[in-house]
Amino acid sequence: MAIIVAIAVAGWFAVSCSPGGANAERPVNEEEAALLAGLRERNHGSEPVAVRISVPTGGGTVTADGFVDWQQPMLYARVPDAEGGHRLIQAIPGLIATRADDEAAFSELRVPEDGWTTRQMLAGAVTPLETTVDILASSLFTLSSAEADDPAELAKQATWREEGVIDGEPVDSFRAPIMVETAPGTAQGASPEALYSLDADGNLRRFQVNTGEERLSAVDFLRDVEFDASGLTANDLLGGPAIAPTAVDEDLAATIAEVRKGNWEDTAEVELTVPTGDGQVTTGRGSIDWRTMTAYLHLTDANGQRLLLARPGGYATAAAEGDELPETPPTEGWEAHALTDEDAAEHFGPVESLVFRVLEMAAEEAEDADVIAEKAFLLRVDDVDGTEVKVVEFPVAGDAEAAAGRSAFRYHLESEQLREVEMVSFYGVASAELSDEDFPMVEIPWELAEKIG
């Protein structure tokens, strides 16, 4: 909705700059209203499509190529940057991920696995071009809906503007509101408008919005461009490949019920990747000891390096000397926080949330398989180096109720082993990857152990 407000603030003065002007406008007829009303539903069921983005600037027009997947929804594009080069971006509603350019990967429609950082749309933009791309990308996500819009409402609000030709196809251009869903009973003011250019079959060929420049920003849908969309997936910080939640079968429910019990007397190596701010990612590596319920990690972020110790009653941090995790924690220099402290919430962030969830992935008793069968969901099945990995969600005591596919946590299971815990956070999806490793018990200084449990 913040993006829609930004478009509304920009106003609609730039429409008068489009070919044909506004003098030719007329109300849409019944057939045209029906065509517009079905636009978003047609997109929703469509295959991914290649796009060309054109953004007016003071010195001309910035052009970027990309691809839109309506199902996720997700935009993958290679866009110019302020330094005269390019960057790769991926966008989902509310978030933009960026990384250094990889022209070869983009030309192969391949998404690089690493190097990405995320930021919030609009709030995290630092250049006018980034703001414009945010507005345009988010506007694209309004163009898909599981249900058709109301043709009667569009008959009242939309106008026909002109005929034209795009990529050799005759089109009709319409001025109509940008359509967004709102919760029942929610008041909504007048929606900002856009130009929609549709061919005879009702396929969208061009979408134009005013992003505050003298001319309209545009997205052309290159429907005649054929490509292999199998590699068109979101990067891990945006949640990875699309999910399709389904109920778990009896065998998978039994497997999930044993996952936490299977960890009860184990240790594991853990690697963390946690988006913590606009353009900021915290990484970490260390051990999880479920026998003593202890996490011991070396973390790196924009502020430097630190050590983290966590137990059920709290956690402690200390400055790290060097890039490696000391075999034995230092005896001094720790800042401890018990979870019962009044200021605990001020210091407890996404890194701590994920670490504590990993600690919680052990229990002395198995879960009730019948309860798991009712409340767990299989989200997708990944092929990781030839091995089948099932991505699931299931409730742990204390978790809030959530619709299928909307839980704050996801779990990757390889056979009966827990291999990864994912957590949805404000700046993207955090990950804790787990691998089997035998570790000795961590020797925690006694005063620290008393504080953190």
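Residues numbered from 1 in each chain as written. Predicted model: local features only at pLDDT ≥ 70, side-chain atom pairs only at ≥ 80, totals over all residues. Heavy atoms only, no water.

1. Quick notes on the pattern of salt bridges
Within the structure shown, the criterion is met by 25 salt bridges. Between Lys156 and Glu153 there is a salt bridge, with the nearest N and O atoms lying 3.5 Å from each other. Placement of both Lys156 and Glu153 in helix H6 (residues 151-157) is noted, with a separation of three residues, approximately one turn of the helix. Put simply, Arg357 and Glu360 hold a salt bridge, and the shortest N to O gap is 2.9 Å. Residues joined by salt bridges that share partners form a network here, namely Glu25, Arg161, Arg175 and Glu193. (Salt bridge = Lys/Arg side-chain N within 4 Å of Asp/Glu carboxyl O. Helix = DSSP H or I, 4+ residues; strand = E, 2+ residues; numbered from the N terminus.)

2. Describing the packing of aromatic side chains
One pass over the structure, following the stated rule, counts 10 aromatic pairs. Taking the centre distance of 6.0 Å and the plane angle of 25° together, the rings of Trp70 and Phe221 count as stacked. Taken together, the residues span a long stretch of sequence, with Trp70 in the loop between strand E3 (60-69) and strand E4 (74-80) and Phe221 in strand E12 (residues 217-222) at a distance of 151 residues. Each member of the pair, Trp70 as well as Phe221, is classed as buried. Members of the aromatic cluster, joined through ring pairs, are Phe67, Tyr76, Phe106 and Phe227. (Phe/Tyr/Trp six-rings, centres within 6.5 Å; stacked < 30°, edge-to-face > 60°. Buried < 20%, exposed > 50% of the residue type's maximum accessible area, 1.4 Å probe, protein only.)

3. Overview of the nonpolar core
Side chains that are nonpolar tend, in soluble globular proteins, to be buried together. One finds Ile256, Leu272, Trp290, Phe394 and Tyr411 to be the most contacted residues of the largest nonpolar core, which totals 42 residues. Contributions of two or more residues to this core are made by helix H7 (250-262), strand E14 (267-277), strand E16 (294-301), strand E17 (304-311), helix H9 (350-359), strand E22 (409-414), strand E23 (417-425) and strand E24 (428-436). Tallying contributions element by element places H9 first for this core, with six residues. Setting aside its immediate chain neighbours within four residues, Leu272 contacts Thr282, Thr283, Gly284, Leu297, Leu299, Val351, Leu354, Val355, Ser431 and Ala432. Ranked by size, the runner-up nonpolar core spans 40 residues in total, among them Leu39, Ala137, Leu140 and Ile178. (Core = buried A, V, L, I, M, F, W, Y, C linked by side-chain atoms within 4.5 Å. Contact = heavy atoms within 4.5 Å.)

4. What to know about the sheet that holds strand E18 (residues 314-319)
One open sheet accounts for 12 strands, arranged E13-E20-E21-E22-E23-E24-E14-E15-E16-E17-E18-E19; its pairing is antiparallel. Looking at the sheet topology across the chains shown, the edges are occupied by strand E13 (246-247) and strand E19 (335-338). As paired strands, E13 and strand E20 (residues 377-384) are joined by two bridges and run antiparallel to one another. Looking at E20, one finds that Thr246 is bridged to Leu378. Against the sheet, H7 makes contact with E20, strand E21 (387-393), E22 and E23, and its axis sits at roughly 75° relative to E21, the strand it touches most. The sheet strands contacting H9 are E14, strand E15 (280-289), E16, E17, E18, E22, E23 and E24, and the helix crosses E14 at an angle near 155°. (Pairing = 2+ DSSP bridges. Axes fitted to C-alpha atoms, helices over the stretch in contact; angles between N-to-C directions.)

5. Quick word on the environment of Asn43
In this fold, Asn43 is placed in helix H3 (residues 39-44). Expressed as a C-alpha distance, the spacing of Asn43 and Gln71, which sit 28 residues apart in the sequence, is 8.9 Å. Not counting residues up to four positions away in its chain, the partners in contact with Asn43 are Trp70, Leu143, Ser144 and Arg223. For Asn43, the side chain forms a polar contact with the main-chain oxygen of Leu143, separated by 2.9 Å. (Polar contact = N/O pair within 3.5 Å; in protein donor to acceptor, adjacent residues only side chain to side chain.)

6. Brief notes about the side chain of Ser197
Along the polypeptide, Ser197 turns up in strand E10 (residues 193-198). Apart from residues no more than four positions distant in its own chain, Ser197 is found in contact with Ile166, Val171, Asp172, Ser173, Asn203, Leu204, Arg205 and Arg206.

7. Here's the deal with the environment of Asp150
Along the chain, Asp150 falls in the loop between helix H5 (128-140) and H6. Taking the C-alpha atoms as reference points, Asp150 and Ala33, separated by 117 residues in sequence, lie 8.6 Å from one another.

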